[in-house]
Amino acid sequence: MSASDQQVLVNKRLLQGANMPAAGAKILEHTQEAVHQALRKLGYPDEVYELLKEPIRVLTVRIPVKMDDGHVEVFTGYRAQHNDAIGPTKGGIRFHPDVTLEEVKALSIWMSLKCGIFNLPYGGAKGGIVCDPRKMSLGEQERLARGYVRAVSQIVGPTKDIPAPDVYTNAQIMAWMYDEYSRIREYDSPGFITGKPVVLGGSKGRERATALGVCIAAREAVRQLGRELKDCRVLIQGFGNVGSNVASILHDMGVKVVGVSDAGGGLYDERGLDIPRLLEQRDSFGMVTPHFRDVMPNEQFLLQPCDVLIPAALENQITADNAEQIQASVLVEAANGPTTPEADTILERRGVLVVPDVLANAGGVTVSYFEWVQNLQGWYWTEEEVNRRLEAWMVQSLQTIFHTAKTYHVGLRLAAYMVGIRPFAEAMRWRGWV
Ligand SMILES: NC(=O)C1=CN([C@@H]2O[C@H](COP(=O)(O)OP(=O)(O)OC[C@H]3O[C@@H](n4cnc5c(N)ncnc54)[C@H](O)[C@@H]3O)[C@@H](O)[C@H]2O)C=CC1
Ligand SMILES: O=C(O)CCC(=O)C(=O)O
């Protein structure tokens, strides 16, 4: 990429940054509309929607952190708990400069939908801190992670709300948070958080679980079109926890991965990329393109020839601006919210099969649930057991959504919202809330 191309990208990014509150509000609005539509289709009255359209609890916190140069920086963080009618709430914590309250609220609703689809005994939650960990030392990240736990400690816990990793957070950050929470409570509490290192009670298989679920979803979706995944060319946007593990699993399955990208742009080779080499070169923030000169802008990357496109980065990547030109016939949403509603309409008209995020990427929270169960029992499973259960739960949930879509003559996204939201409406009714 030339220096002027890079400058255009930087300017675009800055502009996107300036628009973040509006983008977050739009995501929340669209999520609310979809939840409303699903509830109406199921025949629930509007008072059910009134309670489900916003999280029942949201906490905004200010976290002072002593930076390495001695000055104190104050970070803003959020925790949104969507609904606790079924059980404690559950969902990841994101460290990212573009985090907004509205985005975190929408993400908490999506977490409820995932838990509903997979019959997990949880409601959804999500956390976020407005920060850029790529520009912070490990010590600064640790102080921020511990400060966040102190700030939200009243509303989280193994029977209240159980966090996990998300964008730019990982097993190390979960370990610091677990340690801080255990110190505050004065007892060891591994069930407080999932996605921990295995030696601290993390589940075997959790690190790859989201990606494994995505690959199973891709395999089953392609079969719906009468094809096999091993005969498809796959393009993956994002090379972090999810994207890189998707690439690794597909490579092991003998599938040709023709493109991968990160925040710096994309790499494409129609003969298939050397995935093991890219995995070795990738850094802890999912960057691999700095090792290459022939890097294309992300906008161009998404339009490259492929059969299956797997967005595994951030929201709003497939939009009305590029949906007409996307070449894939199957799109599997590994990221949360990668497709805008306008793009969804275009893709549906074009006959592209879209497996929605709340179905495709819920392997992560499913194995987080397995981790929590193992922590509560003190009885740990082998990786084979974890993967076998995940495979069975994924296939069952995919079949349920395909079947619901056919029965109600709706698209997969609306079917997923219907299946995901129904348990909350029912639980609230039994409890006498509505
Ligand atoms: N980690 C998990 O278990 C789960 C993650 N997800 C979702 O999957 C997505 C990715 O999450 P992780 O892999 O955990 O995050 P990560 O922080 O490990 O990786 C993010 C990747 O996206 C890339 N990226 C950032 N901005 C980009 C841009 N503008 N264009 C292209 N690439 C860009 C980064 O360079 C990096 O490769 C997010 O939407 C997350 O919410 C969903 C379910 C579970
Ligand atoms: O593992 C979890 O509990 C939540 C993962 C997550 O944040 C997500 O699915 O978006």
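Details of the structure are given in the entry above.
So, here is what we can say about the structure in this document. (Residues numbered from 1 in each chain as written. Chains lettered and ligands numbered in written order. Predicted model: local features only at pLDDT ≥ 70, side-chain atom pairs only at ≥ 80, totals over all residues. Heavy atoms only, no water.)

**Notes on the packing of aromatic side chains**
Counted under the stated rule, the structure contains 9 aromatic pairs. Between Tyr168 and Phe285 the ring centres are 5.6 Å apart and the planes differ by 85 degrees, which places this aromatic pair in the edge-to-face class. Of this pair, Tyr168 sits in the loop between β5 (161-165) and α6 (171-185) while Phe285 is found in the loop between α9 (275-281) and α10 (298-301), placing the two residues 117 residues apart along the sequence. A relative accessible area of 18% places Tyr168 in the buried class. Here the aromatic rings of Tyr369 and Phe370 are separated by 6.1 Å at their centres, their planes lie at 50 degrees, and the arrangement is tilted. As far as burial versus exposure is concerned, Tyr369 and Phe370 are alike and both buried. Here the aromatic cluster, defined as three or more aromatic residues joined through ring pairs, consists of Tyr122, Tyr369, Phe370, Trp372, Trp381 and Trp393. Positioned above the aromatic ring of Trp381 is the side chain of Arg389, whose terminal nitrogen or guanidinium carbon lies 4.1 Å from the ring centre. (Phe/Tyr/Trp six-rings, centres within 6.5 Å; stacked < 30°, edge-to-face > 60°. Helix = DSSP H or I, 4+ residues; strand = E, 2+ residues; numbered from the N terminus. Buried < 20%, exposed > 50% of the residue type's maximum accessible area, 1.4 Å probe, protein only. Lys NZ or Arg CZ within 6 Å of the ring centre and 35° of its normal.)

**Considerations on the pattern of salt bridges**
Under the criterion given, the structure shown has 30 salt bridges. The partner of Arg79 in a salt bridge is Asp161, and the shortest N-O contact between them spans 2.7 Å. One end of the pair, Arg79, is in strand β2 (residues 72-81); the other, Asp161, is in strand β5, and 82 residues separate them in sequence. Here Asp161 falls in the buried class, since its relative accessible area comes to 0%. Linked through salt bridges whose partners overlap, the residues forming this network are Glu142, Arg146, Arg150, Asp179, Glu180 and Arg183. (Salt bridge = Lys/Arg side-chain N within 4 Å of Asp/Glu carboxyl O.)

**Notes on the site of ligand 2**
Around ligand 2, 14 residues are found, and the nearest of them are Lys90, Gly92, Lys114, Lys126 and Ser368. Between ligand 2 and Lys90 there is a distance of 2.7 Å, counted from an oxygen atom to a side-chain nitrogen or oxygen. Within the contact set of ligand 2, an oxygen atom lies 2.7 Å away from a side-chain nitrogen or oxygen of Lys126. When ligand 2 is considered free in solution it has 290 Å² of accessible area, and contact with the protein chains removes 95% of it. (Near = heavy atom within 4 Å. Polar contact = N/O pair within 3.5 Å; in protein donor to acceptor, adjacent residues only side chain to side chain. Areas by Shrake-Rupley, 256 points an atom, 1.4 Å probe, with all protein chains shown as cover.)

**A word on the site of ligand 1**
Among the 25 residues in the neighbourhood of ligand 1, the closest are listed as Asp166, Tyr168, Thr210, Gly286 and Asn336. Thr210 places a polar side-chain atom, nitrogen or oxygen, 2.8 Å from an oxygen atom of ligand 1. Burial of ligand 1 by the protein amounts to 94% of the accessible area it has alone, namely 830 Å². Tallied by class, residues from the shell around ligand 1 come to 12 nonpolar, 9 polar and 4 charged. (Nonpolar A, V, L, I, M, F, W, Y, C, P; charged D, E, K, R; others polar.)

**Comments concerning the pairing of strand β3 (residues 89-96)**
With 8 of its 8 residues buried, β3 lies for the most part within the structure. Note: β3 against strand β4 (residues 123-130), 6 bridges, orientation parallel. Considered in β4, the bridge of Lys90 is made with Gly124. The handedness of the β3 to β4 crossover, carried by helix α4 (residues 101-117), is right-handed. (Pairing = 2+ DSSP bridges. Right-handed = clockwise from strand over helix to strand, strands pointing away.)

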